[in-house]
Amino acid sequence: MSVLRFALGNKGSLLDRVLQQGVINHARTKFRAVIFDMGGVVLPSPFPMTKEYELQKKIPPGTIWKTIKDYGDKGAWPKLEIGEINAEEFGQIFSEECTKIAGETVNVHDFLPYLEHGMKSPITEVLDAINCLRQEGYKTALLTNNWIQSDGKSLLPLSKDYFDVVIESAVVGVNKPKYPIYNLCLSQLNVKPEDTIFLDDMQPNLVAAKSLGIHTIKVEDVHVAINELEQQLNIPLTSTNKGTTPVRKEMQFDTRKFTEYLNNQLNMGLTHEPEVREFSHGQSNPTYLIDYGPSVTKMVLRKKPPGKLLPSAHAVEREYRIMKAVGNHGVKVPPLLALCEDSSIIGTPFYVMELVQGNIYKDPSLPGMTPESRKKVYREMVDTLCKIHRVDIDKAGISDYGKHGNYVERQVSIWTKQYQRSETHTIPSMNRLITWLPQHLPTNEVISVVHGDVRIDNFIFRREHPEVVATLDWELSTLGDPISDLAYSCIPHFLPTNFPIISGLKGVNLNELGIPTHEQILEMYCNEMQLPNIDNFDFYMAFSFFRVASILQGVYKRSKQGQASSDKAGVTGKLAEHMSDIGWSFASKEGFRLFNKTNPSIGSGTRNYSTHAANRDMKLPIHVSALPHSTQQLHSNLLQFMEDHVYPVEKSFSEYYSSENRWTPHPELEKLKAKAKSAGLWNLFLPHSDHGAGLCNVEYAYLCEVMGRCLYAPEIFNCSAPDTGNMEVLAEFGTEDQKQRWLKPLLDGEIRSCFAMTEPQVASSDATNIESSIDKDGDHLVLNGRKWWTSGAMDPRMEIIIFMGKNDKNAARHQQQSMVLVPADTPGVEIIRPLTVFGFDDAPVGHGEVVFNNVVVPKENMILEPGAGFRIAQARLGPGRIHHCMRLIGSAERSLDLMKERVKSRVTFGRPLVTRDTILRDIATSRIEIDQCRLLVLMTAHMMDVAGNKAAAKEIAMIKVAVPITVCRVIDRAMQAFGAAGLSGDFPLAGFYAWSRALRIADGPDAVHEAAIAKKELA
C-alpha cells in the first residue's frame, strides 16, 4: 500500500521549465522579511474550535467571541494575552463574563485547554514555506497573541528555530493590534515596515500593520495565502525535498548504472550521478526523488523492494501500464518517462516519471482551509474517481488488465491468501471476515478500472485552487467493482485523528469544517454516475478494511524480514488487528441489515450500531447442536467436568463457606482451577482468542448456563464476576502496562479484583449521581469517597480495585466520571464491613463497604482517559448482563431438575407428589418460562454479535428485567415442592433464590430498565 508523496505540475518541455526556474530564482523582490501570526496561520484557527466547544458545552452560539468583543480591553481575554492573568485565573473571570453576556450560567474553565489541544499541530505547508523563505535568505518572525499556560509556560507548540524573531504578547506585555508590538518585531528583525509582509487571519491586526506601512496578506485559507506570498516574493515556497529522507542502507541502489540507463534510453546526456533521497511515506514499493541539479528536471523513481516477494505483489510494471493507459483517456497522472523490467540495472524492475509541483494533503481534515475549499477538494476527489471509473477499457487497450466478473470474490480470495501467508499471530476478527465475506458477496457487480487505493493524499491538487492535477499510487489497480474504490475512500471517516499511517476524521465536526460525511460522498458519487442507492455499502466498507488489514499484516511480516520500504513498517503493520476489528463492525452492521430484512417483525425504531464480539454466521443457534463443532466440544467437556469434579464437592464447599474459615478460599479450589485450565476450560468469557476461547456472546451463553448450575462453578473456570467484567475492561481499554500488571495475573487466576461504583449516600441506579472524587495532583490522582456493595472486596486474594469517581463535575453529565485502578494495599483504602444478601455473606468474595480516604495513585492508573468512566461502564455491563442471565437460567434448570427428582420420591396424603395437578402445572410452567427466557437471552446475545451492544440495548434491558423475575418464580416453585428443606443450606435452592432476587437490583433495578424499554418502544 505504498503512497507517493511527491509534487507534480505542468507538462512543458524540459527547457521551458529550466528557463522558468532560472527566472524565478533570480527575480528577487525588495522584501526582506515575512512575519507570521500563529493561530489561524501557522497553527489551525481557533474560530471553528470555539464554535465546536460551544456546541459541546451547550453554550449559546457566539457567546465567547461576543464576550471578547463587548468587554474589549477591560475583559479577561486581552488581560490573558498580555500576561496580566494566567490560564487558571482566566477560567474563573471569563466564565463570569460569559455568564453575564449569555444571561445564563456558563462555565468555560476548560476552554483554553480545549484550544491548546486543537492547536497543538502546526500546518506542515506553512512550516515548509517558512523553511523555503529562510533558504532564500528572507528573515522570518512569529508575532502572536498568546497566553501563559497553567504550567507557567507560554503557549508556543512549535520550535522557535523556524524563526529569526519570536514576539509573544504574553511575554512582552503588549498585544496586537497595538502598534508597539509591531514596532518591537520590526526592530528585532532590523527591517523597515515597507520591507516586510505580515500574514494574519484577523482584520484589525492587518489594519494596524498596514497603517505602519507593512504589506499584509489576509489568511482565510493558508494554502491560498502561501500561494499569494509566493507570487509577491516571486520564489517557490514548496520544498522539492519535502517528505524525503536520506536513503536507508538496505534501500540503496547503483546510481551509476541508473544514470547509464537514462542516457541510453532517454538520451539525456547526463555527466554525473544524482543526489537521491527516499520518500518517507511509502509502505510497499520504495520511491525516490532523483535530482541531477538545476539544469535537469527532477524525477521520481519507483521500484520493487528487494528480497523474496509475495506472488503478484509490488508489480511496478502494471502501475506504469495503467497510468499510461488512463492518462490518455481523461485521467490526470504524472508524466511518465520510462519503464525498466531488467533487474540487472538497479536490482529490481522500476519506472521513472517527472517531478512537478502541486499540493498533497496528508491530513484529511485539511487544516488551514476554508470550509468552501474543503468541500471543493472532496468534490474533486469524487469527480476524479468518477473519471477513472468511466474509462472505456476497450478503447484504452486494457481489457486484459484484469479478469472480468466476480471481482470482490477474487479479491477476498487473494487477500485471504496474502494474509495467511503473512500471518504472524491469530487475529479473531480477520478469521471471522475470512468466513463472512464469501457468504455475502454482491450480486450486481459492474466492471471498470479500479484504482485500489483511493485516499485524499493520493491526489495532487493545483496550488492556486482545488483541482486535481495528478492521481498517484496505482499499485493495487485492476479491473473490478468500482464501489470498492468508493468505500475505500471513506476509510478515514472511521479512524481517529491520531491514527498512524492514515489520519482519520472520527470525532471531527465535519459539518463545521465543510467536509462531506461518508454518506454525502456516497450520494455525490451516485448522482455523478447516475446510480441508485447502494444498499450493501457496509459490505464494501467491511471488505475495504479487510484489505487494509491484510496489507498491513504483509507490511508487518516484511518488516520482520527487513524488506519493508519504510522504517515505520514494524509499528504500522501491527495495526492490522485494529483495522480488521473495524471491518468486522461493518460486517456486523450489514448482517443486521440482512437480519432485519429477513425478520422485519423483530424490533422497532431506528438503531445505531457497534460491535463487541461476533457470531460465526448470521443464524441464531437455538440449540447446542447448532453451534460450531468446536463450541459443541467445549460444551460437552464442560458438562462432563461439572459431573466429574464440581457437583461432587458442592456440599463440601457449601459447608466450608458457612464455617469460621469461610473468608479463606476452599482448600480444593486451586486444584480444581488447575484441572479446568489443563482441560482447556479457562477464561471462556473473553471474545479474543489471544486471552480466552474466542467465543462470541451466543456461544459463551450456552457455556455460561452450564456454569450457572452451581454457585461455585464460575470461579473454577476463571469466569466469575466481578473479575470477568474487570478483565473485559482491561482487555478493551487498558494500556499495555496496565494489562501486564493486572490483566495477566487476573487471566492466570493468580489474583482477584473488585469494582467500586455503588455509593450509600446516593441512588446509584443513576450512575451519574456518584459523588466520589478524583482530583489531579501533579503526576498523581487523589481519590476520596465511600463505596458499598463492592463485590470481591472481602476476598483475601483481591489485589486490584476499579474505582469510579468524578474528575470533572462541570463536564457534560455523562463525561464527568472516570475509572482508576487502585492497588488494594494503597494507603487510605479501608474495608469497613461485609454486607449480606438475605443473610448470605457470599464468602470469601463478599460484598464490602469500602472507604477511600485521600488515596493517592499515579495518574497512569486512569483507565482510557478522563471522562470515559460512563462509556467504560456501559461497555462492561452489556456482556455482563448476558452472563448473569444465562447463569440464572442454569440455576433455574438445576432447580427444576432437583424439583423433578424430589417430587418423584416424596409422598403426601397417600399419593406421590408427582401425581398432584398443582405440581404438574408448576413443572410445566417452569419449563415454559425457562425456555422463553433462554430464547430471549440467546436472541439478545445474537443481536449483540451481529449488530453490536448498542443496537441490542432494548433487548439487553428486557432480559435484565425478565430473567431474574422469572427465575425467582421457577426457584420458588422448586422450594415449595421441597418444603422446609428447600429453605436450608442442604440444597442450593436458597442460594440460587437469593442471587436471582439480588439481580433485580444489581446492575440497575427493574424500574430503570423498564423505563428504557418503554422509551425505545415509543420512539
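Structural data are supplied above this passage.
What you are looking at is a predicted structure, and each value in this text was computed from that prediction instead of being measured. (Residues numbered from 1 in each chain as written. Predicted model: local features only at pLDDT ≥ 70, side-chain atom pairs only at ≥ 80, totals over all residues. Heavy atoms only, no water.)

### Points about the overall build of the chain
And then number 1: The helix and strand inventory of the chain stands at 33 helices and 24 strands.
And then number 2: Taken against the 2.2 N^0.38 rule, which gives 31 Å for 1019 residues, the C-alpha radius of gyration of the chain at 34 Å falls within 12% of a compact globule.
And then number 3: For the chain, the spread of C-alpha atoms along the principal axes amounts to about 120 × 75 × 50 Å.
And then number 4: Taking the contacts inside the chain whose residues are at least 6 apart along the sequence as the reference set, 73% of them involve residues at least 24 apart.
And then number 5: Of the roughly 42600 Å² of accessible surface on the chain, 51% is carried by carbon and sulfur atoms.
And then number 6: Charge separation in the chain, taken as the distance between the mean sites of 111 positive and 120 negative side-chain charges, equals 2 Å. (Helix = DSSP H or I, 4+ residues; strand = E, 2+ residues; numbered from the N terminus. Rg over C-alpha atoms; globule rule 2.2 N^0.38 Å. Contact = heavy atoms within 4.5 Å. Areas by Shrake-Rupley, 256 points an atom, 1.4 Å probe, with all protein chains shown as cover. Lys, Arg positive; Asp, Glu negative; His and termini not counted. Charge placed at Lys NZ, Arg CZ, Asp CG, Glu CD.)

### Details of the packing of aromatic side chains
And then number 1: Counting across every chain of the model gives 31 aromatic pairs.
And then number 2: Here the aromatic rings of Tyr-361 and Phe-461 are separated by 5.3 Å at their centres, their planes lie at 35°, and the arrangement is tilted. Note that Tyr-361 is positioned in the loop between β11 (350-354) and α14 (371-390) and Phe-461 in strand β13 (residues 459-461), a separation of 100 residues in sequence. A single burial state applies to Tyr-361 and to Phe-461, both of which are buried.
And then number 3: Taken together, the ring pairs connect Phe-47, Tyr-53, Trp-65, Trp-77, Phe-90, Phe-94, Phe-111, Tyr-114 and Trp-147 into an aromatic cluster.
And then number 4: The ring of Phe-803 carries the charged tip of Lys-787 above its face, separated from the ring centre by 5.1 Å. (Phe/Tyr/Trp six-rings, centres within 6.5 Å; stacked < 30°, edge-to-face > 60°. Buried < 20%, exposed > 50% of the residue type's maximum accessible area, 1.4 Å probe, protein only. Lys NZ or Arg CZ within 6 Å of the ring centre and 35° of its normal.)

### Observations regarding helix α6 (residues 111-118)
And then number 1: All of the buried residues along α6 are Phe-111, Leu-112, Leu-115 and Glu-116. Projected onto a plane normal to the axis of α6, the buried residues spread over an arc of 135° and lie on a single side.
And then number 2: Structurally, α6 contributes buried residues whose contacts are with α2 (46-57), α3 (63-71), α4 (76-81) and α5 (87-102). (Arc of directions from axis to C-beta.)

### Here's the deal with the side chain of Gln-817
And then number 1: Within the secondary structure, Gln-817 sits in strand β20 (residues 817-823).
And then number 2: If we skip the residues at most four places from it in the chain, Gln-817 touches Ala-767, Thr-768, Ile-770, Met-804, Gly-805, Lys-806, Asn-807, Gly-867, Ala-868, Gly-869 and Phe-870.

### Considerations on a nonpolar patch on the surface
And then number 1: A cluster of nonpolar residues, Leu-620, Ile-622 and Leu-935, forms a patch on the protein surface that exposes about 260 Å² of accessible area.
And then number 2: With respect to the helices, strands and loops of the structure, Ile-622 is situated in the loop between α22 (576-598) and α23 (629-656). (Patch = residues over 30% accessible without salt bridge, like charges linked within 9 Å, V, L, I, M, F, W, Y side chains within 5 Å. Salt bridge = Lys/Arg side-chain N within 4 Å of Asp/Glu carboxyl O.)

### Things to note about the sheet that holds β11
And then number 1: Pairing within the open sheet is antiparallel, and its 6 strands lie in the order β6-β7-β8-β9-β11-β10. Where the open sheet ends on each side, the last strands, each with one partner, are β6 (244-246) and β10 (336-340). Neighbour-to-neighbour, the strand axes of this sheet turn through a mean angle of 30°, independent of strand direction.
And then number 2: Bridge analysis of strand β9 (residues 299-303) against β11 gives 5 bridges, and the strand direction is antiparallel. Counted as the bridge partner of Val-300 is Met-353 from β11.
And then number 3: Across the sheet, helix α13 (residues 316-327) lies against β9, β10 and β11, angled at about 150° from β10, the strand it touches most. (Pairing = 2+ DSSP bridges. Axes fitted to C-alpha atoms, helices over the stretch in contact; angles between N-to-C directions.)

### Describing the sheet that holds strand β3 (residues 165-168)
And then number 1: The sheet built from 5 strands is open, its strands ordered β3-β2-β1-β4-β5 with parallel pairing. For this open sheet the edge positions go to β3 and β5 (215-218), each flanked by a neighbour on one side alone. Recorded for the sheet is a direction-independent mean angle of 20° between the axes of neighbouring strands.
And then number 2: By the bridge criterion, 4 bridges tie strand β1 (residues 33-36) to strand β2 (residues 139-144) in an arrangement that is parallel. Along β2, the bridge assignment pairs Phe-36 with Leu-142.
And then number 3: The strands touched by helix α7 (residues 124-135) are β1 and β2; relative to β1, the strand with the most contacts, the crossing angle is about 160°.
And then number 4: Set on the sheet, helix α11 (residues 222-233) makes contact with β1, β4 (196-200) and β5; between it and β4 the angle comes to about 175°.

### Focus on the environment of Ile-770
And then number 1: Tracing the sequence through the fold places Ile-770 in the loop between β16 (752-756) and β17 (773-777).
And then number 2: Discounting chain neighbours no more than four positions away, the residues touching Ile-770 are Met-757, Glu-759, Val-762, Met-804, Gly-805, Lys-806 and Gln-817.

### Remarks on the environment of Gly-680
And then number 1: Counting through the fold element by element, Gly-680 comes out in the loop between α24 (669-678) and α25 (697-707).
And then number 2: Using a relative accessible area of 41% as the deciding quantity, one classes Gly-680 as partly exposed.
And then number 3: In this structure the C-alpha to C-alpha distance between Gly-680 and Gly-979, which are 299 residues apart in sequence, comes to 40 Å.

### Examining the side chain of Arg-894
And then number 1: For Arg-894, the location among the structural elements is in helix α29 (residues 869-905).
And then number 2: The buried category is assigned to Arg-894, whose relative accessible area is 11%.
And then number 3: From its side chain, Arg-894 meets the backbone oxygen of Arg-709 in a polar contact 2.6 Å long.
And then number 4: Discounting residues that sit within four places of it in the chain, Arg-894 has contacts with Tyr-647, Glu-650, Arg-709, Cys-710, Pro-988 and Phe-992. (Polar contact = N/O pair within 3.5 Å; in protein donor to acceptor, adjacent residues only side chain to side chain.)

### With respect to the pattern of salt bridges
Two side chains with opposite charge may pair up if their charged atoms get near one another.
And then number 1: Applying the stated criterion across every chain yields a total of 54 salt bridges.
And then number 2: A salt bridge links Asp-748 to Lys-744, with the shortest nitrogen-to-oxygen separation between them at 3.3 Å.
And then number 3: Residue Asp-748 is classed as partly exposed on the basis of its relative accessible area of 27%.
And then number 4: Judged by relative accessible area, which is 43%, Lys-744 ranks as partly exposed.
And then number 5: The partner of Glu-759 in a salt bridge is Lys-787, and the shortest N-O contact between them spans 2.9 Å. You can see Glu-759 sitting in the loop between β16 and β17 and its partner Lys-787 sitting in strand β18 (residues 780-791), a full 28 residues away along the chain.

### Structural notes on the pairing of strand β7 (residues 275-279)
And then number 1: Here β7 lies mainly inside the structure; 4 of its 5 residues are buried.
And then number 2: Taken together, the 3 bridges between β6 and β7 define a ladder with antiparallel strand orientation. In the strand pairing of β7, Pro-246 is matched with Arg-277.
And then number 3: Bridge count between β7 and strand β8 (residues 287-291): 4 bridges; the pairing is antiparallel. Residue pairing for β8: Arg-277 is matched across the bridge by Leu-289.

### Here we look at helix α32 (residues 989-998)
And then number 1: Across the 10 residues that make up α32, a large majority, 7, are buried.
And then number 2: Considered for burial, the residues of α32 that qualify are Leu-989, Ala-990, Gly-991, Phe-992, Ala-994, Ser-996 and Ala-998.

### Regarding the packing of helix α27 (residues 723-733) against helix α28 (residues 736-747)
Pairs of packed helices are described in terms of their axes, by the angle between the two and the distance that separates them.
And then number 1: One can describe the packing of α27 onto α28 by two numbers: an axis separation of 10 Å at closest approach and a directional angle of 145°. For the pair α27 and α28, the crossing hand works out as left-handed. Of the residues in α28, those in contact with Asp-723, Met-727, Leu-730 and Ala-731 of α27 are Gln-738, Lys-739, Trp-742, Leu-743, Leu-746 and Leu-747.
And then number 2: Counted by class, the contact of α27 with α28 contains 7 nonpolar, 1 polar and 2 charged residues. (Left-handed = near helix turned anticlockwise from the far one by under 90°. Nonpolar A, V, L, I, M, F, W, Y, C, P; charged D, E, K, R; others polar.)

These results come straight from atomic positions and should not be treated as a statement about function.
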